[in-house]
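Residue-level listing of the chains:
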Amino acid sequence: MKSNRPFWIIILVSAATLAAYTGYWYWGAQKLAAFAEEQLDGWRSEAVDVHYAEPAVTGFPGIIRVTFPSVAVTDSKQNWHWQGQLVELSAQPWKPLNFRGSLRGEQGLSLPLDGRMVDMVLSADRADVLTHFDLQGQLSGVELELVKLDGAAPMLDEHVRADYLYLNVDQLAAGGDLAASLRTKVTKLILPKAWDNPLGRGLKEFQAKINIVEPFPQSDLQDSLTRWQANGGRLDINWLKVEWGTLGLQGQGRLALDKDLRLDGKLDGQVAGLAETLEEFGARGLIEKKVARLAAAGARLFSFGKTADGRPAADIPIVLQQGNLLLGPLQLASIPPVFAPAKAPVRISPPPEEADRGPVPKELMPPAGDKITPVPTAPVVVEELGPPKAPAAQ
């Protein structure tokens, strides 16, 4: 008679393995939920308020998922608000150093624009953030992927859309000047109407590989950018590709921020489609037609090179300076500052006080039943604060 001992050994080992994995999974789920709440609570400060609903943990025996039905973050200092739905953090038990954050449903965002709060609604077919940590628990990389992004600001009658947006940031080792390496790709981006320009609002493709020199100080965004600019922070553009309207360009160079926190610098570029763009500008009356024809002929004459896809291209500098984007001598667009300058506060002057004339004599009172027509008061005077005006010359 054969012994059943090997069979029972297999059963016991399998049961022990299953029990160990179950314990490990629930321990990991508890750790992930605690980590998610710790990250949200870490945003809290005197100026930032965070609220979130109790998370649900699901996914056993596979991927651990921690889902918050809603999350709300309000920053009273920077004056913005975000309301998120179905915020999910997930991890594979066998890859404990990689976390994926996902947003599902519509996301509400309120930002100050031109002195007023503007409410926006954002949605995407897929919105994922993948974070990588090293063995010491330090963040080593972030990947952002958005598919079919749609943003609407009904108050401004504005829309922003993109078929695909990808961003990868690798945090480099501390101690060097190079803070991070960045790769990004955007396809079929529709810019808001306020950013309309001679090339149109449709950006077919944007790709870049960038090194960020000098780390960003830990502070709010405006102060961080200001200090980064003062410390000599810059962007080394290793490779850039743009397909915008009839233009196609590739280049490399160096950009920084000016004192108004606008991009400033120069790229050495190969530009395809310049002749067609100049002719289009002439047809739209943006430059004189005769000048456009001559410039287009010159662009064709000097298009000695070729882009990666084989289009004839001319070597032309791309300059960002004083808020302008220039292709050689041709201005393509205006680049607004990251933060609009603060507007002067408004003082409201009350109407002049009337002297107390005492009670109205009976003989001046209207007969009973008649309506009293009120006398218009002096208008409210609104004036900008500023230095006193010099007296007019006599």
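None of these values were measured; they are calculated from a predicted model. (Residues numbered from 1 in each chain as written. Predicted model: local features only at pLDDT ≥ 70, side-chain atom pairs only at ≥ 80, totals over all residues. Heavy atoms only, no water.)

Draft legend 1. Main features of the overall build of the protein chain. Counting secondary structure elements, the protein chain contains 4 helices and 21 strands. By sequence separation, contacts in the protein chain at least 24 residues apart represent 50% of the contacts at least 6 residues apart. Surface summary for the protein chain: the accessible area is close to 25,700 Å², and the carbon and sulfur share equals 59%. (Helix = DSSP H or I, 4+ residues; strand = E, 2+ residues; numbered from the N terminus. Contact = heavy atoms within 4.5 Å. Areas by Shrake-Rupley, 256 points an atom, 1.4 Å probe, with all protein chains shown as cover.)

Draft legend 2. How the structure looks around the nonpolar core. Among the nonpolar cores identified, the biggest contains 40 residues, and Leu274, Leu327 and Leu332 are the most heavily contacted of them. Examining the composition of this core, we find that 5 residues originate from one element, strand E13 (residues 234-244), more than from any other. Ignoring any residue separated from it by four or fewer positions in sequence, one finds leucine 332 in contact with Asn197, Pro198, Leu199, Leu247, Phe281, Leu325 and Leu327. If you look at the next biggest cluster of nonpolar residues, it comprises 23 residues, including Leu32, Val73, Met120 and Ala153. (Core = buried A, V, L, I, M, F, W, Y, C linked by side-chain atoms within 4.5 Å. Buried < 20%, exposed > 50% of the residue type's maximum accessible area, 1.4 Å probe, protein only.)

Draft legend 3. Structural detail: a nonpolar patch on the surface. A cluster of nonpolar residues, Phe7, Trp8 and Ile11, forms a patch on the protein surface that exposes about 340 Å² of accessible area. With respect to the helices and strands, isoleucine 11 occurs in helix H1 (residues 5-42). (Patch = residues over 30% accessible without salt bridge, like charges linked within 9 Å, V, L, I, M, F, W, Y side chains within 5 Å. Salt bridge = Lys/Arg side-chain N within 4 Å of Asp/Glu carboxyl O.)

Draft legend 4. Region of interest: unusual backbone geometry. Of note, the amide linkage connecting phenylalanine 60 to proline 61 takes the cis form, showing an omega dihedral of 10°. With respect to the helices and strands, proline 61 occurs in the loop between strand E2 (56-58) and strand E3 (64-75). The phi torsion at aspartate 157 lies on the positive side, around 55°, for a residue other than glycine. Note that aspartate 157 resides in the loop between strand E9 (139-153) and strand E10 (158-171). Its identity as a non-glycine residue notwithstanding, leucine 261 has a phi of 60°, on the positive side. Secondary-structure assignment places leucine 261 in the loop between strand E14 (247-257) and strand E15 (263-272).

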